Amino acid sequence: MMSLRKTFKLSLLAVLGASISTTASTTAAEAPKRIDVSQLSKRVDDVVVPLPNEVFGALNKLGGVNWKEYVRNEKGSNFRERPRIALLLGTVIADGFIAVQAEDAPAVKDIGQRVLGLAKGIGVGNSITPHAKAITEAADKRNWPGVRQELDRTQNSVQQAMNEMKDEKLSHLVSLGGWLRGTEVLTSVVTKRFSEDGAELLHQPDLLNYFDQRLSAMPEFNLKLLQDIRAALGEVRPLIDVGDAQITHASVKRINEITARLDAAIITK
Amino acid sequence: MRSGLCLAAVLGLMLPLAVASVDDAQSFALQAAEPYVKEGFQVREDYWGGDLGAGEKKAVRQQLFKGNEYWFWLGTEVEKANVSVHIYDSEGKLVEQPDSWQKGQFAAAHIIPPSTGSYYIIVSVESSPEERTHWALVYGFR
């Protein structure tokens, strides 16, 4: 029997349908070699937000990254505003993925507890308690794939719980917080050791548009930080939406400055 | 009264089907993914789903990163359905690997992205004995 929780989440994910205009006929066994995305792109206005560890995995393949350098141990500030807690929660979960990359068990365990505290602060602690426990147990065993899976489950559970509470906008802020922290670390790594392949990982214009649209639909939150983030996304867009051209070292450095500034604003009062 | 009973009966029959099957479809998608987990693919907890009539397609737009390798697995609980999943780049070119497959109620598409950016994941119910067929899509990467 399907839970209503999942039904609701699925409806929120808004995987939009589109009739696909094809330029070639197809059979059940053979897919068309080309489709007409001009119609498709107008009708699919959503995009799947990747987890931070997806980009970290790709980054790792470009050469040894000293992940320990990016592990963050400070507890950070406590907030009362739920949008700020949601942003911070996404950031801290991303920090969890960084700590896993660094194979830093104490940091992972601290982050697990921090996530639990933030989730309680936003009213979804109950759904996170088992994951926080599983994160600690997996970190004790240095079971890094297990920790990654639990962090993924944690984010999923937080967002499902928010959606159940009709707090979909907070759920988007969790994704945004994680994306900003992931992008900060990505750009820091690539700034220090520039490569075209590393810079190409920033080619995410649809995600920028997605977050911009989501932020524009949150006027009720009326937080300066959200306005600052939206303005900053506008600064980042021309730096990464470069078509077939390469994203330059200077652009990567600039994006790092922007995302580091936002990250600092997210974690401090 | 009679029409009320009929309505109740219809709802009683329809609701469990309509509500339950996407979750069931997810179980089948995860079943398709299972062998790949042993090969080191991390399967995301999230999944995407809905229902389609025979011959209908849906699209999911997905950010993929060059350097990673991805599998997308599609499943439905309808045993006699035939489903498919294919991956296109932002220009509309089919970019999946030749080992992508479809087998009745399961299908999978494999991509090693040639560049970082947005891709379209197209899911389709090609045939089905049901009027509406639930589907679920999960993905994994390594």
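Residues numbered from 1 in each chain as written. Chains lettered and ligands numbered in written order. Predicted model: local features only at pLDDT ≥ 70, side-chain atom pairs only at ≥ 80, totals over all residues. Heavy atoms only, no water.

A. Layout of the overall build of chain A. A count of helices and strands for chain A gives 12 helices and 2 strands. Across chain A, helices and strands are ordered from the amino to the carboxyl terminus as α-β-β-α-α-α-α-α-α-α-α-α-α-α. Split into buried and exposed, the 269 residues of chain A put 56% on the buried side. A sequence separation of at least 24 residues applies to 74% of the contacts in chain A between residues at least 6 apart. A total accessible area of about 11700 Å² is found for chain A, and carbon and sulfur atoms account for 51% of it. (Helix = DSSP H or I, 4+ residues; strand = E, 2+ residues; numbered from the N terminus. Buried < 20%, exposed > 50% of the residue type's maximum accessible area, 1.4 Å probe, protein only. Contact = heavy atoms within 4.5 Å. Areas by Shrake-Rupley, 256 points an atom, 1.4 Å probe, with all protein chains shown as cover.)

B. Molecular detail of the nonpolar core. Ranked by size, the top nonpolar core spans 104 residues in total, and within it Val147, Met162, Leu173, Leu176 and Ile229 of chain A together with Phe72 and Leu137 of chain B carry the most contacts. It is helix α4 (residues 82-101) of chain A that provides the largest number of residues to this core, a total of 11 residues. Counting residues in each nonpolar core, the second largest holds 16 residues, with Ala25, Phe41, Val43 and Trp71 of chain B among its members. (Core = buried A, V, L, I, M, F, W, Y, C linked by side-chain atoms within 4.5 Å.)

C. Inspection of the packing of helix α7 (residues 144-164) of chain A against helix α8 (residues 168-192) of chain A at higher detail. All names here are of chain A. Interaxial distance between α7 and α8 falls to 7 Å at its minimum, and their mutual angle equals 160°. Looking at the two axes, α7 sits roughly antiparallel to α8. Handedness of the crossing formed by α7 with α8: right-handed. Residue-level contacts link Gln155, Val158, Gln159, Met162 and Asn163 of α7 to Glu168, Leu170, Ser171, Val174 and Ser175 of α8. In terms of residue class, the contact of α7 with α8 is built from 4 nonpolar, 5 polar and 1 charged. (Axes fitted to C-alpha atoms, helices over the stretch in contact; angles between N-to-C directions. Parallel < 35°, antiparallel > 145°, perpendicular 65-115°, else oblique. Left-handed = near helix turned anticlockwise from the far one by under 90°. Nonpolar A, V, L, I, M, F, W, Y, C, P; charged D, E, K, R; others polar.)

D. Fine view of empty space enclosed by the protein. Residues and elements named next belong to chain A. Taken as a whole and judged by the stated rule, the model has 3 cavities of 30 Å³ or more. Taken together, 14 residues make up the lining of the largest cavity; nearest its centre are Arg72, Glu74, Lys75, Ile111 and Arg114. Of all the secondary-structure elements, those providing two or more residues to the lining of the largest cavity are α4 and α5 (105-121). Here the residues of the lining of the largest cavity are counted per class, giving 5 nonpolar, 3 polar and 6 charged. (1 Å grid on protein atoms, 1.4 Å probe; cavity = no way out; pocket = protein on both sides within 12 Å on 5 of 7 lines; lining within 4 Å. Points joined across faces, edges and corners; volume = space filled by probe spheres on them.)

E. A look at the pairing of strand β9 (residues 133-141) of chain B. All names here are of chain B. Taking burial as the measure, the 9 residues of β9 include 9 buried ones, the bulk of the element. Covered by surrounding structure in β9 are Thr133, Trp135, Leu137, Tyr139 and Phe141 together with His134, Ala136, Val138 and Gly140, the residues of both alternating faces. Relative to β9, strand β1 (residues 42-43) runs antiparallel, the two being bridged by 2 bridges. Paired with Val43 across the bridge in β9 is Gly140. With 5 bridges connecting them, strand β2 (residues 48-52) and β9 associate as antiparallel partners. (Pairing = 2+ DSSP bridges.)

F. Expanded view of the pattern of salt bridges. Residue and element names in this part refer to chain A. One pass over the structure, following the stated rule, counts 25 salt bridges over all chains. Between Asp95 and Arg72 there is a salt bridge, and its shortest N-O distance comes to 3.0 Å. Of this pair, Asp95 sits in helix α4 while Arg72 sits in the loop between α3 (52-60) and α4, placing them 23 residues apart in sequence. The residues Asp95 and Arg72 share a single accessibility class, namely buried. Lys109 is paired through a salt bridge with Asp140; the nearest N and O atoms lie 2.6 Å apart. A residue pair is termed long-range when its members are at least 10 positions apart, and Lys109 in helix α5 and Asp140 in helix α6 (residues 129-140) qualify at 31 residues. Relative accessible area serves as the criterion here: at 26%, Lys109 is assigned to the partly exposed category. Salt bridges sharing common partners tie together Arg72, Asp95, Arg181, Glu184 and Asp263. (Salt bridge = Lys/Arg side-chain N within 4 Å of Asp/Glu carboxyl O.)

G. Region of interest: the environment of Val37 of chain B. Among the secondary structure elements, Val37 of chain B is positioned in helix α1 (residues 2-37). Counting along the chain gives 105 residues from Val37 of chain B to Arg142 of chain B, while the straight-line C-alpha distance between them is 9.6 Å.

H. Summary view of the side chain of Gln204 of chain A. Relative to the assigned elements, Gln204 of chain A resides in the loop between α9 (196-200) and α10 (205-216). At a separation of 2.7 Å, a polar atom in the side chain of Gln204 of chain A contacts the side chain of Trp179 of chain A. Those residues in contact with Gln204 of chain A, other than ones at most four positions away along the chain, are Trp179, Leu186 and Ile240 of chain A together with Gln63 and Phe65 of chain B. (Polar contact = N/O pair within 3.5 Å; in protein donor to acceptor, adjacent residues only side chain to side chain.)

I. Structural detail: the packing of α3 of chain A against α8 of chain A. All names here are of chain A. One way to put it is that α3 packs onto α8 with a least axis distance of 9 Å and a crossing angle of 15°. In this view, α3 runs roughly parallel relative to α8, as classed from their interaxial angle. Of the two possible hands of crossing, α3 and α8 adopt the one that is right-handed. Across the interface between the two elements, Pro52, Val55, Phe56 and Leu59 of α3 pack against Gly178, Gly182, Val185, Leu186, Val189 and Val190 of α8. Class assignment of the residues belonging to the contact of α3 with α8 gives a composition of 8 nonpolar, 2 polar and no charged.

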